[in-house]
Amino acid sequence: MASSISYLFVTLILSIISLLACTSNAQLSPTFYATSCPNFQRIARDEMTKAVNRQPRNAASILRLFFHDCFVNGCDGSVLLDDTATFTGEKNAGPNRNSARGFEVIDAIKTRLEAACNATVSCADILAVAARDGVALLGGPTWTVPLGRRDARTASQSAANSQIPGPSSSLATLISMFAAKGLTAQDMTVLSGGHAIGFARCAAFRNRIYNDTNIDPAFATTRRTTCPATGGDANLAPLDQTPNRFDNSYYQNLVNRRGLLHSDQELFNGGSQDATVRGYSTNPASFARDFAAAMVKMGNISPLTGTDGEIRRNCRVVN
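Residues numbered from 1 in each chain as written. Predicted model: local features only at pLDDT ≥ 70, side-chain atom pairs only at ≥ 80, totals over all residues. Heavy atoms only, no water.

- Under an unreviewed UniProt entry, the protein has the name Peroxidase and belongs to Citrus x changshan-huyou.
- Quoted verbatim from the Catalytic activity (unreviewed entry) field of the UniProt record, the comment on the protein reads "2 a phenolic donor + H2O2 = 2 a phenolic radical donor + 2 H2O".
- In its Subcellular location (unreviewed entry) section, UniProt records this for the protein: "Secreted". (UniProt positions renumbered as here; feature names shortened; annotations may be inferred.)

1. Thoughts on the UniProt feature "binding site: substrate" (unreviewed entry) in the protein
And then number 1: Here, UniProt's "binding site: substrate" (unreviewed entry) annotation points to Pro-165.
And then number 2: Positionally, Pro-165 belongs in the loop between helix H6 (157–163) and helix H7 (171–179).
And then number 3: Relative accessible area serves as the criterion here: at 14%, Pro-165 is assigned to the buried category.
And then number 4: Setting aside residues up to four positions removed in sequence, Pro-165 forms contacts with Phe-67, Phe-71, Leu-174, Met-177 and Phe-178. (Helix = DSSP H or I, 4+ residues; strand = E, 2+ residues; numbered from the N terminus. Buried < 20%, exposed > 50% of the residue type's maximum accessible area, 1.4 Å probe, protein only. Contact = heavy atoms within 4.5 Å.)

2. Here's the deal with unusual backbone geometry
And then number 1: Unusually for a residue other than glycine, Asn-98 sits at a positive phi of about 65°.
And then number 2: One non-glycine residue, Ala-119, adopts positive backbone phi at about 55°.
And then number 3: Along the chain, Ala-119 falls in the loop between helix H4 (103–116) and helix H5 (123–137).

3. Let's talk about the nonpolar core
And then number 1: With 70 residues, the main nonpolar core has Phe-40, Phe-291 and Met-298 as its most contacted residues.
And then number 2: Residues contacting Phe-291, with those up to four places away along its chain left out, are Leu-63, Val-135, Pro-141, Trp-143, Val-190, Leu-191, Gly-193, Gly-194 and Phe-246.
And then number 3: Core analysis: the next-biggest nonpolar cluster, separate from the first, contains 12 residues, Ala-200, Ala-237, Leu-260 and Leu-261 among them. (Core = buried A, V, L, I, M, F, W, Y, C linked by side-chain atoms within 4.5 Å.)

4. Things to note about the state of the cysteines
And then number 1: Taken as a whole and judged by the stated rule, the model has 4 disulfides.
And then number 2: Through a disulfide, Cys-37 is tied to Cys-117; the S-S separation comes to 1.9 Å. One quick way to see it: the torsion about the S-S bond of Cys-37 and Cys-117 is about -40°, and its sign makes the bridge left-handed. Placement of the pair is Cys-37 in the loop between helix H1 (2–24) and helix H2 (40–54) and Cys-117 in the loop between H4 and H5, with a sequence separation of 80 residues.
And then number 3: Across a sulfur-sulfur distance of 1.9 Å, Cys-202 and Cys-227 are joined as a disulfide pair. Of note, the bridge from Cys-202 to Cys-227 carries an S-S torsion of about 70° and is right-handed in sense. On the criterion of sequence distance, the pair formed by Cys-202 in helix H9 (residues 202–211) and Cys-227 in the loop between helix H10 (217–224) and strand E2 (236–238) is long-range, its members being 25 residues apart. For the residue pair Cys-202 and Cys-227, the accessibility class agrees, reading buried in each case.
And then number 4: Once the bonded cysteines of the protein are numbered in order along the sequence, the disulfide links fall as 1-4, 2-3, 5-8, 6-7. (Disulfide = S-S within 2.5 Å.)

5. Describing H7
And then number 1: When H7 is considered as a whole, its buried residues turn out to be Leu-171, Leu-174, Met-177 and Phe-178. On an axial view of H7, the arc spanned by its buried residues comes to 135°, and they lie on one face.
And then number 2: Check the buried side of H7 and you find it contacts helix H3 (57–70), H6, helix H8 (185–191) and helix H12 (262–265). (Arc of directions from axis to C-beta.)

6. A look at the environment of Arg-57
And then number 1: Within the fold, Arg-57 resides in helix H3.
And then number 2: Here Arg-57 is in contact with Arg-101, Phe-199, Leu-236 and Asn-244, once residues within four sequence places are set aside.

7. A few points about the packing of H2 against H4
And then number 1: Orientation of H2 relative to H4, taken along the N-to-C sense of each, is 150°, at an axis distance of 9 Å. Taken together, the axes of H2 and H4 lie roughly antiparallel to each other. Every pair of crossing elements has a handedness; the one defined by H2 and H4 is right-handed. Where H2 abuts H4, its residues Phe-40, Arg-42, Ile-43, Ala-44, Asp-46, Glu-47, Met-48, Lys-50, Ala-51 and Arg-54 lie against Val-105, Ala-108, Ile-109, Arg-112, Leu-113 and Ala-116.
And then number 2: Looking at the contact of H2 with H4 residue by residue, the class counts come to 10 nonpolar, no polar and 6 charged. (Axes fitted to C-alpha atoms, helices over the stretch in contact; angles between N-to-C directions. Parallel < 35°, antiparallel > 145°, perpendicular 65-115°, else oblique. Left-handed = near helix turned anticlockwise from the far one by under 90°. Nonpolar A, V, L, I, M, F, W, Y, C, P; charged D, E, K, R; others polar.)

8. A look at helix H14 (residues 284–299)
And then number 1: Here H14 is 16 residues long and its end C-alpha atoms lie 22 Å apart, about the 22 Å a rise of 1.5 Å per residue gives.
And then number 2: For H14, every residue scored as buried is listed here: Ser-286, Phe-287, Asp-290, Phe-291, Ala-292, Ala-294, Met-295, Met-298 and Gly-299.
And then number 3: Against the buried residues of H14 lie H3, H5, H8, helix H11 (249–255) and helix H13 (274–282). (Expected span 1.5 Å × (residues − 1).)

9. Side note on the packing of aromatic side chains
And then number 1: Taken as a whole and judged by the stated rule, the model has 13 aromatic pairs.
And then number 2: Arranged with centres 5.2 Å apart and planes meeting at 75°, the rings of Tyr-33 and Phe-40 form a pair that is edge-to-face.
And then number 3: The class of Tyr-33 is buried, set by a relative accessible area of 4%.
And then number 4: According to the relative accessible area criterion, Phe-40 is buried, its value standing at 1%. (Phe/Tyr/Trp six-rings, centres within 6.5 Å; stacked < 30°, edge-to-face > 60°.)

Written out as structure tokens, the structure reads:
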């Protein structure tokens, strides 16, 4: 009898421990705010629509912010934090300094959400939904965003400097850096298709248009007109010929050796991703489907959930 009671006691304790473990590792859910803030996604979509109508480039900027957020300690809103006298964030890391933008769009969404359901929706979730909406508003796919992320109280400039792939990355480096985040080579190739929209600064592609040999000569000549060999670092060029429309032109450009960034053209340069690029260049539906799935997968990188982190009231500062 005593051993039976002891067994039941141990079983109960193990069940409680298991339950607590599940709670602390809570899974994200599309219905997370269904009762606590039912208008969240409508408000986010409304503000993203205003932002994209004002400047279509905002969609690409928000998409890039989400990517840079998820690649540094997971999708936790850390990229949104401002530097202060006592806090060093990620905004001045090499991949973000003078190029990360769109923060005021997230601020606008957050301000409305604080009025509608204060201290409820995380900045990390706002960024995930806004990235999706920006893509959809420019004609790209939409997808169901799992929700329930919480916001980091910390950031890491050093991790931003070392873990976000740069525009001069080789194919091997790209594959390795995405693999470190649990993403496959195909995930990397389809997520690179985010360059279907937006612009890049001259500083990011100068070396490509002046020194790379796997580049269409006419394309290089065209890009040199606004990106001199010295100076003009902030001059912009479209990442593909339809920077305000989310389509598969990006992959068509790669096949024609017209990728703007060195890292873009690495995806189609006699390597392991050539067949994938060629497939997406001729099948926009396949690209759209796979991009949506890869965005959900990227959005699941190490989120803070349960009681970890916090719900920031201002996305730029910890509470």
